[in-house]
Amino acid sequence: MSTLDIRKVGGRIGAEVTGADLDHLGDEEFGDLNAALLEHKALVFRNTGLDDEGQIRFAARFGELTTAHPTVPSVDGNPNILPVDGEEGIRSNHWHTDVTFVRTPPKVTTLRALVVPPSGGNTLIANAAAAYRDLPEPLREFADRLWAVHTNDYDYVLPRTNTEKAVEYRDTFISTRYRTGHPVVRVHPETGERGLFIGGFAQRIVGLNSTESRDILRLLQEYVIRPENVLRVQWNPGDLVVFDNRITQHYAPDDYEDQPRKLHRVTVAGDVPVGVDGARSHVIEGDEAGHYTPVTAAA
């Protein structure tokens, strides 16, 4: 019998889980967790006691793992872990869904707090399915037909100072340029929900000019980031957050000045996004990123 206590913490997104030993989950308990993730989109676990290997083992319960990132180096000695470190002001304070510039973005993201500032440094997670449901019907029908080009070649990470390290990081981030066409409305492969699949990497609407694209993406994005659709996670060292990367966006506000903040990210390989009409995402520039994420036969 499952001993998990899954408590909803946001009206539209998020649940906090207690009673879970993430390193020794039975199949029934993991099934309950997976069902809760599909329902609540984001799960928060406090003071898990996990180390890097424990985070990797837990993330792998959801499926085959990606490597850390298509272009950014991993933690030394561990190809599956991406360091998320605010060192020298290099901070990704943009709303985004992880790695949507490749054809098969991650299915699930796990974040574990190592060092957190005494104030600020929270993570915000938004429910893209609730955002889609909020759209007026004419706007939903319009969005259903749209496709967007996602790319890593934009100012995703804004350095607070133009340091040599910041310039080096950007050069690394775009060392291979990726552009991928994704449906603006993605159908979730497990629940069938529709969600707005946009965020910061979505830079242009197919068939429209840059001004028209910015205006439409801004309009749709405003529905995603409405306060009622957003969960704010206040970190403590040892906490773990898991979110469904297929139907959420997230954001780390740069509000903690020069205080240290360090998380480790491990992501689970995903599938090819599918639009309302059944059409699948496609590579425009770059490759299938097979070095980063497993490319299935169906891809």
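The preceding data block contains the structure.
No experiment lies behind these values; they were computed from the predicted model shown.

The rules we used
Residues numbered from 1 in each chain as written. Predicted model: local features only at pLDDT ≥ 70, side-chain atom pairs only at ≥ 80, totals over all residues. Heavy atoms only, no water. Helix = DSSP H or I, 4+ residues; strand = E, 2+ residues; numbered from the N terminus. Buried < 20%, exposed > 50% of the residue type's maximum accessible area, 1.4 Å probe, protein only. Contact = heavy atoms within 4.5 Å. Areas by Shrake-Rupley, 256 points an atom, 1.4 Å probe, with all protein chains shown as cover. Core = buried A, V, L, I, M, F, W, Y, C linked by side-chain atoms within 4.5 Å. Pairing = 2+ DSSP bridges. Axes fitted to C-alpha atoms, helices over the stretch in contact; angles between N-to-C directions. 1 Å grid on protein atoms, 1.4 Å probe; cavity = no way out; pocket = protein on both sides within 12 Å on 5 of 7 lines; lining within 4 Å. Points joined across faces, edges and corners; volume = space filled by probe spheres on them. Nonpolar A, V, L, I, M, F, W, Y, C, P; charged D, E, K, R; others polar. Polar contact = N/O pair within 3.5 Å; in protein donor to acceptor, adjacent residues only side chain to side chain. Salt bridge = Lys/Arg side-chain N within 4 Å of Asp/Glu carboxyl O.

Engineer: Run through the overall build of the protein, naming residues and quoting values.
Structural biologist: When you go through the protein residue by residue, the secondary structure sums to six helices and 18 strands. Based on the C-alpha atoms only, the size of the protein along its principal axes is roughly 50 × 50 × 40 Å. For the protein, the proportion of its 299 residues judged to be buried stands at 53%. Considering only contacts within the protein whose residues lie at least 6 apart along the sequence, 83% involve residues at least 24 apart. For the protein, the exposed surface amounts to about 12800 Å²; the carbon and sulfur share of it is 48%.

Engineer: Help me get a handle on the nonpolar core, residues and values and all.
Structural biologist: General note: in soluble globular proteins, nonpolar side chains tend to be found buried as a group. Of all hydrophobic cores here, the largest spans 24 residues; its most connected members are L22, L33, L43, F45, F58, F62 and V242. Looking at this core, the elements that each hand over two or more residues are β2 (15–18), α1 (27–40), β3 (42–45), α2 (52–60), β15 (240–244) and β17 (262–268). Sort the elements by how many residues they give to this core and α1 lands first, with four residues. Those residues in contact with V242 that sit more than four places away from it in its chain are L37, K41, A42, L43, F45, F58, F62, V108, T109 and T110. In this structure, A126, Y132, I205 and V224 belong to the second largest nonpolar core, which totals 21 residues.

Engineer: Give a description of the sheet that holds strand β8 (residues 147–151) that names residues and reports values.
Structural biologist: Read from one edge to the other, the open sheet built from four strands follows the order β13-β8-β10-β18, with strand pairing classed as antiparallel. The two strands at the open ends of the sheet, each matched to only one other strand, are β13 (202–205) and β18 (282–285). Here the average twist between neighbouring strands, direction ignored, is 35°. Bridge count between strand β10 (residues 179–183) and β18: three bridges; the pairing is antiparallel. The residue of β18 that forms the bridge with G181 is H282.

Engineer: An account of the layout of surface pockets is needed here, citing residue identities and associated values.
Structural biologist: Computed from the structure, the largest pocket encloses a volume of approximately 820 Å³. What lines the largest pocket is a set of 37 residues, among which V72, P83, V84, D85 and Y169 lie closest to the centre. Only β4 (82–85), β5 (90–91), α5 (164–173), β16 (248–251) and β17 provide two or more residues apiece to the lining of the largest pocket. Top contributing element to the lining of the largest pocket by residue count: α5, with five residues. Considered class by class, the residues forming the lining of the largest pocket number 20 nonpolar, eight polar and nine charged.

Engineer: Kindly report on the sheet that holds strand β14 (residues 230–233), identifying the contributing residues and their values.
Structural biologist: Read across the sheet, three strands follow the order β14-β7-β16 without closing on themselves; strand pairing throughout is antiparallel. Either end of the sheet is taken by a strand with one partner, and the two such strands are β14 and β16. Adjacent strand axes in the sheet meet at a mean angle of 20°, parallel and antiparallel pairs treated alike.

Engineer: Before we move on, could you go through the side chain of T110 and cite the residues and values that matter?
Structural biologist: Topologically, T110 is positioned in strand β6 (residues 108–115). Since its relative accessible area comes to 0%, T110 is described here as buried. Among the polar contacts made by the side chain of T110, one reaches the side chain of Q55 at a distance of 3.1 Å.

Engineer: Could you give an account of the pattern of salt bridges, naming the residues involved and the relevant values?
Structural biologist: Counted by the stated rule, this structure contains 18 salt bridges. Where R177 meets D153, a salt bridge forms, and the shortest distance between an N and an O atom there is 3.0 Å. Placement of R177 in the loop between α5 and β10 and of D153 in the loop between β8 and β9 (158–159) is noted, with a sequence separation of 24 residues between them. Of the residues examined, R177 reaches a relative accessible area of 39% and is grouped as partly exposed. A residue is classified by how much of its surface remains accessible, and D153, at 32% relative accessible area, is partly exposed. Among the ionic pairs, D271 bridges to R186, the shortest N-O distance being 2.9 Å. Of this pair, D271 sits in the loop between β17 and β18 while R186 is found in strand β11 (residues 185–187), placing the two residues 85 residues apart along the sequence.

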